[in-house]
Amino acid sequence: MGKSFDLNRRDRVIKAVNHEQPDRTPTDFQAVKEIWDGMKKTFRTDSMKDVLDALDIDCAWVDPEVTRPSVERDSEGYIIGWGGSKIRMVSNKYGEYEEIVHYILDGVESKAEVDERLRLPDLNEWNFDKVTENCKLYDDRYLLGGFASSFYYPTLIMSLEEFMINMMEEPELAHYIIKKCFDWHMDYHERLLKAGNGRIDAMQIADDFATQRGLLLSREHFREFFKKPIAEYVALAKSYGATPFLHCCGSSHDLIDEFIDLGIKILDPIQTVAANMEPERLKREFGQDITFHGAGETQNILPNGTEEEVKANAKMLSSVLGKDGGYILTSCHFLQADVPVKNVLAFYDLENRYI
């Protein structure tokens, strides 16, 4: 491409996160299995590392290996999900997705019922030595890991509607459910960070507090129920030298100042088609205080656009969000199975990364 690369991959991301202009916009890559399979076929490899190398990706995700059976089913044939909820697989012409058909805590009215029903996974069913191995394998990259949750995981074990009703009518019960999930995640993520031996650069907190049109809950309820657990996740990450990273789908605009106050340094996935999430506005209002991760438009442009439209989207994001650092170029959400391989390649064209 005729460009010189002055920084190595990890340093390029660190410079961007520190709001300094790197030699080019750094990149990350997250995708569903069908996309990974397509990329492996394209590059004639079975290795995820080879795919990242071929696309010249600056980040890598390091997670433990799950050693329990990949699919555990109950007597009715449903998959047993996290905490004990029942799941079925739903297919479309592109791939498969999980759908919860029964929430294990729906209808509970007491803490005792929560304790009786909830089936928290045994952390010994994760091999955290794999984290140590992956940190070595991807040592030249900026390493991310984790999925700490305060809101999302409670809604895997109790339906969103019922959980939010409990927040209003039975707040003590809602707090208890949050705490049960929080304690499990704190244990998991401490093991993750210890296995990283100080090499994990960023720890993800994953909670969706918004829809495409606005917040799912008020700022007051965010502060009452979720500010404290997120603050503790932030403190845990920082204690191991990891940068706090928050995933929040939808129109997160009205909580970004809260996230910044909590110590969040990287915000994902930057859903630019959501209300008040225009790249220019986000950069102007918050670009000095937080790094944006994501924003590649996955609802329309990546699945349906031409290669030139995909490239134009990536170039625009690099020039707007990436000016003076503070941006990691990747898709908004995991690349879904409906995205053509040619558009994945177009998005990650090296020329898109230069301002």
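Please refer to the structure higher up on the page.
Residues numbered from 1 in each chain as written. Predicted model: local features only at pLDDT ≥ 70, side-chain atom pairs only at ≥ 80, totals over all residues. Heavy atoms only, no water.

Novice: Could you give me a rundown of the sheet that holds strand β3 (residues 79–80), with the residues and numbers involved?
Specialist: Here we have three strands laid out as an open sheet, ordered β3-β4-β5, and antiparallel in their pairing. Of all the strands in the sheet, just β3 and β5 (96–102) have a single pairing partner and so form its edges. Where strand β4 (residues 86–91) and β5 come together, six bridges link them in antiparallel fashion. Within the sheet, the bridge partner assigned to I87 lies in β5 and is I100. (Pairing = 2+ DSSP bridges. Helix = DSSP H or I, 4+ residues; strand = E, 2+ residues; numbered from the N terminus.)

Novice: Give me empty space enclosed by the protein: which residues, what numbers.
Specialist: Overall, the coordinates contain one cavity of 30 Å³ or more when judged by the stated rule. Reported here for the largest cavity is a volume of approximately 30 Å³. In terms of lining residues, the largest cavity is bounded by Q271, T272, V273, E297, T298, Q299, C332 and H333. Tallied by class, the residues present in the lining of the largest cavity amount to two nonpolar, five polar and one charged. (1 Å grid on protein atoms, 1.4 Å probe; cavity = no way out; pocket = protein on both sides within 12 Å on 5 of 7 lines; lining within 4 Å. Points joined across faces, edges and corners; volume = space filled by probe spheres on them. Nonpolar A, V, L, I, M, F, W, Y, C, P; charged D, E, K, R; others polar.)

Novice: With reference to specific residues and values, describe the packing of helix α7 (residues 160–169) against helix α8 (residues 171–196).
Specialist: Interaxial distance between α7 and α8 falls to 6 Å at its minimum, and their mutual angle equals 125 degrees. Relative to α8, the element α7 is oriented oblique. Packed against α7, whose contacting residues are F163, N166, M167, M168 and E169, the element α8 presents P171, L173, A174, I177 and I178 at the interface. Across the contact of α7 with α8, the residue classes break down as eight nonpolar, one polar and one charged. (Axes fitted to C-alpha atoms, helices over the stretch in contact; angles between N-to-C directions. Parallel < 35°, antiparallel > 145°, perpendicular 65-115°, else oblique. Contact = heavy atoms within 4.5 Å.)

Novice: Tell me what's going on with the pairing of strand β7 (residues 142–148), and back it up with residues and numbers.
Specialist: Counting buried positions over the seven residues of β7 gives six, a clear majority of the element. Pairing geometry for strand β1 (residues 59–61) and β7, over three bridges, is parallel. Directly across from A60, in β7, lies its bridge partner L143. The pairing of β7 with strand β8 (residues 202–206) spans three bridges and is parallel. Its bridge partner lying in β8, L144 is registered against A202. (Buried < 20%, exposed > 50% of the residue type's maximum accessible area, 1.4 Å probe, protein only.)

Novice: Could you give an account of helix α10 (residues 227–239), with specific residues and numbers?
Specialist: Here α10 contains 13 residues, and its C-alpha end-to-end distance of 18 Å stays within 8% of the 18 Å for a straight helix at 1.5 Å per residue. All of the buried residues in α10 are P229, I230, Y233, V234, L236 and A237. Projection of α10 onto a plane perpendicular to its axis shows the buried side chains occupying an angular sector of 160 degrees, all on one side. Facing away from the buried side of α10 by more than 90 degrees, the exposed set consists of K228, K238 and S239. Lining the buried residues of α10 we find β7, α8, β8, α9 (219–225), β9 (243–247) and α11 (256–262). Downstream of α10 by a residue or two, G241 has a phi angle that is positive, lying close to 75 degrees. (Expected span 1.5 Å × (residues − 1). Arc of directions from axis to C-beta.)

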